[in-house]
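Below are the chains, spelled out letter by letter.
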Amino acid sequence: MFTQDVDFLRLHAKGTEHCGIVYAQQQTPIGEIIRGLTLLHQILDYNDMQNHIHIEFL
């Protein structure tokens, strides 16, 4: 799941299980978000993302 909502970071920190979270700050340009998501899709699979958080562009 892609989000710009920090509440999902808090859920991850609490140990809530999830299928993977990709987070980017609100000010991140859409082109950078698309490039980052495309790259992640190319190199990671479902198992790689299980309960994993990837923070983009901090």
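Up top is the structure these notes are about.
Residues numbered from 1 in each chain as written. Predicted model: local features only at pLDDT ≥ 70, side-chain atom pairs only at ≥ 80, totals over all residues. Heavy atoms only, no water.

Draft legend 1. Examining the environment of Val6 more closely. Residue position: Val6 is located in the loop between β1 (2–3) and α1 (7–13). Between the C-alpha atom of Val6 and that of Leu37, which follows or precedes it by 31 residues, the distance is 18 Å. (Helix = DSSP H or I, 4+ residues; strand = E, 2+ residues; numbered from the N terminus.)

Draft legend 2. Spatial organisation of the sheet that holds strand β3 (residues 53–56). Sheet architecture is open: three strands sit in the order β1-β2-β3, paired in parallel fashion. For this open sheet the edge positions go to β1 and β3, each flanked by a neighbour on one side alone. With two bridges joining them, β1 and strand β2 (residues 21–24) adopt parallel strand pairing. Looking across to β2, one finds that Thr3 is bridged to Tyr23. (Pairing = 2+ DSSP bridges.)

Draft legend 3. Spatial organisation of the environment of Gln26. On the secondary structure map, Gln26 appears in the loop between β2 and α2 (30–43). Assessed through its relative accessible area of 57%, Gln26 is described here as exposed. Along the backbone, Gln26 and Asn47 are 21 residues apart, and their C-alpha atoms lie at a distance of 27 Å. At 3.2 Å, the side chain of Gln26 and the backbone oxygen of Gln4 are in polar contact. (Buried < 20%, exposed > 50% of the residue type's maximum accessible area, 1.4 Å probe, protein only. Polar contact = N/O pair within 3.5 Å; in protein donor to acceptor, adjacent residues only side chain to side chain.)

Draft legend 4. Representation of the pattern of salt bridges. Enumeration over the complete set of coordinates arrives at one salt bridge. For the salt bridge of Asp7 with Arg10, the shortest nitrogen-to-oxygen distance reads 2.4 Å. Taken as a pair, Asp7 and Arg10 lie in helix α1 at a separation of three residues, close to a single helical turn. (Salt bridge = Lys/Arg side-chain N within 4 Å of Asp/Glu carboxyl O.)

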